[in-house]
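# Structure assessment
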Amino acid sequence: MLVSRLFDGTRYRVPMYQRAFAWGADEIQALFTDIGDMRSHSPTGNYYIGTLVAHRSHSTDDGYPTYDVVDGQQRLTTLFLTFANPVLREVIGSKTALPPVKPSMLSYEGRLRSSGDLGALVLMKDEKELESLDDDGIRAASELITALVKRGDITSEDIRYLLDHVEIVRTLLPANTDLNHYFEIMNSRGEQLEKHEIVKAHLMECLDDGADRRVFAAIWDVSSDLAKHVQARTPKKSRTHLFGPNWNELQPVAFDTIGERLAFSENHAAERGILHLLGTTATNDGSGTNDDDDETPRYGTIIDFPNFLLHVLRLHVTTKRPDADPIALDDKRLVEQFKTEFRPGSAIAVKRFAEELLRTRFLFDNFVIRTDSVRDSTEDDSNWVIHRPHLTGLGKNKKVSPEAAFDAADQARVLMLQAMYQVTDSRRSYKEFLYRILHQLRAQWTEDHAISAEKLVRHLEGMAAVRASLDGAAGLDSGTAVRHFVFNYLDYVLWRAYIVDGEQAPPEVKVSEFRFRYRTSVEHFYPVAPERDPLPYETVNQFGNLCIMGREENSRRSNLMPKAKIHQYLSSDQSLKFQLMAAMANAEDAWDADQMKRHGAAMSARLRASQA
């Protein structure tokens, strides 16, 4: 059914056994990014966003049925919050007919705050009333939807497409369904063939020769496990041939010689079918590592393999055809885009792609940030590292060991810049910043067979300055509508000034302890709706009164006055902008319109100077 018919008078209740509403910025932004992308890609086609499984509970006195939501409540609640949002109703409702939502249409069994907030939201007239919502998740989601509307990330065209072309499958379970048995079946379903496995099969179908298929399968297999460096995924006997005497330099190799360098065992002599190759493991196809594998899976990556493949595909396409339409970095279109690019008879193109895959995987492993679980004391998986593997040991004790990719000063700048992008764009799809990093690394490696940290920093800083300028163009004094990248970029500018340029920071600002974390919520340092002494809405929405922090921290601090916020939580774990505000408030024993104005002017000046 179309989303426009979802709230057709039917009433939904989220039962007690379901978890509370938990979608955050990533999931909500992903939903609307996908809708906008599909609208651009196929403006008249329909787009399926998932299922809603419900079970008939009872009928109300007015005759409308009520259904318990068995599966799909996060998406359902998000859609309800969208259509009930007062800013969306004001900005977009005047141009687009929105489905009527009523307080009774969605409730949470046993969660009075959640149900009360859903009912209150429908009746709200303006943005300021959102501060009164009690449920942290519902308030954060409502504020995010408000921000997306105000900065144009949700448009009237998106909402029209959502209503007219976006479908959700609503399955109504029979009244006598045994829900316990249903959940047991749902939880024990077998895994389906993944999209990247379909891509692998398709590409191998394009190769005519059995030996070429084995080479391709070997390259694919050593490239597909992102939790280890590609050097560790390669058998020891082949590492020197592929990665040089120190195992840290990708040798210039063509597809036709990679098979020889991977030193296939005798069992590759026989021709084998694609279904067999798809099921082949590293142990029995010779391309994996088996006993040669000497690196513990210690790393977390900023992307998964299907999305990584799309970056490689875009590099493959744009380097051969610079004027071609860009490959969409959206894993929902993974199979479609590969089948469009590689058709039967394109064996040479598949070989070039395999070379690109190995090269890109090497550059990604050696020069792009990841998280390291060893000695990780962070609470949000933000122990960022850039580790380049190299050879240590002799004889049978040879193994891959990590070291910093650059010297200390360069390493810190490259790491900070990449982490700044990652915490802003944390989704595994649509990582445009990662593509631009990989494109720059590829260009440097092709030209010099080496990576210059200075060139990489200059490239990343140039990217960041342009993006910060564009993201701030709508105005910085717009409260929660200010884009998150502006705050993260400002933190980098401050870090660079204090650490790289040697500028003296206030003593309370712990610059050396600063790291980029997943701070996903814009916070008012002086609250919008304090219990006493409220300031004008325009005043508290100034850039000088804003910072970025984690959603849970924001919800806990939302209504605290500045001094309480400073004393209740350690500011050294917060953004540098927050720490500067705290330092000013402490030094002047005040935080009001004057401090907000002066701090905002100083921070805006920093941004302008960095973009000059």
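In case you missed it, the structure is sitting above this.
Here we summarise the structure given alongside this text.

Reading the values: the criteria
Residues numbered from 1 in each chain as written. Predicted model: local features only at pLDDT ≥ 70, side-chain atom pairs only at ≥ 80, totals over all residues. Heavy atoms only, no water. Axes fitted to C-alpha atoms, helices over the stretch in contact; angles between N-to-C directions. Helix = DSSP H or I, 4+ residues; strand = E, 2+ residues; numbered from the N terminus. Left-handed = near helix turned anticlockwise from the far one by under 90°. Contact = heavy atoms within 4.5 Å. Nonpolar A, V, L, I, M, F, W, Y, C, P; charged D, E, K, R; others polar. Pairing = 2+ DSSP bridges. Buried < 20%, exposed > 50% of the residue type's maximum accessible area, 1.4 Å probe, protein only. Polar contact = N/O pair within 3.5 Å; in protein donor to acceptor, adjacent residues only side chain to side chain. Expected span 1.5 Å × (residues − 1). Salt bridge = Lys/Arg side-chain N within 4 Å of Asp/Glu carboxyl O. Parallel < 35°, antiparallel > 145°, perpendicular 65-115°, else oblique. Core = buried A, V, L, I, M, F, W, Y, C linked by side-chain atoms within 4.5 Å. Phe/Tyr/Trp six-rings, centres within 6.5 Å; stacked < 30°, edge-to-face > 60°. Lys NZ or Arg CZ within 6 Å of the ring centre and 35° of its normal.

Close contact between helix α18 (residues 408–424) and helix α20 (residues 453–471) brings their axes to 10 Å; oriented N to C, the two are set at 35°. As for how α18 packs across α20, the hand of that crossing is left-handed. The residues of α20 that touch α18, namely those facing D410, R413, V414, L417, Q418, M420, Y421 and T424, are A453, L456, V457, L460, E461, M463, A464 and R467. Looking at the contact of α18 with α20, its residues break down into ten nonpolar, two polar and four charged.

Our next topic: the pairing of strand β9 (residues 387–392). In summary, the side chains of a regular strand alternate between the two faces of the sheet. Here β9 pairs with strand β10 (residues 399–404) via six bridges, running antiparallel. Bridge pairing in β10 links H390 to S401. Joining the antiparallel neighbours β9 and β10 is a turn of six residues, in which G393 adopts a positive phi near 85°.

This brings us to the environment of L262. By the secondary structure assignment, L262 is in the loop between α12 (255–261) and α13 (274–279). Taking the C-alpha atoms as reference, L262 lies 8.0 Å from H241; in sequence the two are 21 residues apart. The contacts of L262, once residues within four sequence positions are left out, are A218, T234, S238 and L242.

Below, the discussion takes up the environment of T146. Secondary-structure assignment places T146 in helix α5 (residues 136–150). Sequence separation between T146 and T82 is 64 residues; the distance between their C-alpha atoms is 8.8 Å. Among all residues touching T146, those that are not within four sequence positions of it are N85, V87, E127 and L130.

For H449, which is not glycine, the phi dihedral falls at a positive 55°. Within the secondary structure, H449 sits in the loop between α19 (432–448) and α20.

Now for the side chain of T424. Looking at the secondary structure, you find T424 in helix α18. Judged by its relative accessible area of 16%, T424 falls in the buried class. Only 2.8 Å separates the side chain of T424 from the side chain of N488, close enough to count as a polar contact. Each residue touching T424, except ones within four places of it in the same chain, is listed here: R467, H484, F485 and N488.

On to helix α25 (residues 576–588), then. Its 13 residues give α25 an end-to-end C-alpha distance of 18 Å, which sits within 8% of 18 Å, the value for a rise of 1.5 Å per residue. For α25, the tally of buried residues reaches ten of 13 residues, placing the bulk of the element in the interior. Three or more residues of α25 are buried, namely L576, K577, F578, Q579, L580, M581, A582, A583, M584 and A585. Positive phi appears at D589, one or two residues downstream of α25, with a value of about 50°.

All right, on to helix α15 (residues 305–320) then. Here α15 contains 16 residues, and its C-alpha end-to-end distance of 23 Å stays within 8% of the 22 Å for a straight helix at 1.5 Å per residue. When you tally the buried positions in α15, you get 14 out of 16 residues, the bulk of the element.

Right, let's get into the side chain of R333. Within the secondary structure, R333 is located in the loop between α15 and α16 (334–341). Given a relative accessible area of 12%, R333 falls into the buried group. Within the structure, the side chain of R333 is placed 3.3 Å from the side chain of E336, a separation counted as a polar contact.

An order of β6-β7-β8 is seen for the three strands of this open sheet, with the pairing classed as antiparallel. Taken across any chain shown, the strands that pair with only one partner, and hence form the sheet edges, are β6 (299–300) and β8 (384–385).

The subject of this paragraph is the pattern of salt bridges. Taken as a whole and judged by the stated rule, the model has 37 salt bridges. With a shortest N-O distance of 3.2 Å, E249 and R388 are connected by a salt bridge. A residue pair is termed long-range when its members are at least 10 positions apart, and E249 in the loop between α11 (236–243) and α12 and R388 in strand β9 qualify at 139 residues. A salt bridge links D365 to R361; the nearest nitrogen and oxygen atoms lie 2.8 Å apart. With D365 and R361 both in helix α17 (residues 347–367), this residue pair falls four residues apart, about one helical turn. R361 matches D365 in its accessibility class, with the two residues each being buried. Through salt bridges with shared partners, a single network forms among R151, D153, D425, R467, D471 and R483.

Across the interface, α20 lies against helix α21 (residues 484–500) with an axial gap of 9 Å and an inter-helix angle of 135°. Between α20 and α21, the crossing angle belongs to the class labelled oblique. Judged by the twist between their axes, the crossing of α20 over α21 is left-handed. On α21, the residues touching E461, A464, A465, R467, A468 and D471 of α20 are F485, V486, Y489, Y492 and R496. A class-by-class count of the residues in the contact of α20 with α21 yields seven nonpolar, no polar and four charged.

Now for the nonpolar core. Considering soluble globular proteins, one finds that nonpolar side chains tend to be buried as a cluster. Among the nonpolar cores identified, the biggest contains 103 residues, and F216 and F338 are the most heavily contacted of them. The residues contacting F216, other than those within four sequence positions of it, are K200, L203, M204, L207, F255, V350, F353 and A354. I35, V69, I159 and L162 belong to the second largest nonpolar core, which has 51 residues in total.

A word on the packing of aromatic side chains. Following the criterion strictly, the structure yields 22 aromatic pairs and no others. Summarising the aromatic geometry, the rings of F367 and F406 are spaced 5.8 Å apart at their centres and angled 35° between planes, so their arrangement reads as tilted. With F367 in helix α17 and F406 in the loop between β10 and α18, this residue pair connects regions lying 39 residues apart in the sequence. Accessibility expressed as a relative area gives 1% for F367, which makes it buried. The interplanar angle of 35° and the centroid separation of 5.5 Å between the aromatic rings of F487 and F543 together place this pair among those described as tilted. One end of the pair, F487, is in helix α21; the other, F543, is in the loop between α22 (537–540) and β12 (546–549), with 56 residues separating them in the sequence. Each member of the pair, F487 together with F543, is buried. Site record: aromatic cluster; members linked through ring pairs are F243, F362, F367, F406 and W445. For K128, the ring lying beneath its charged end belongs to Y537, and the centroid distance is 5.6 Å.

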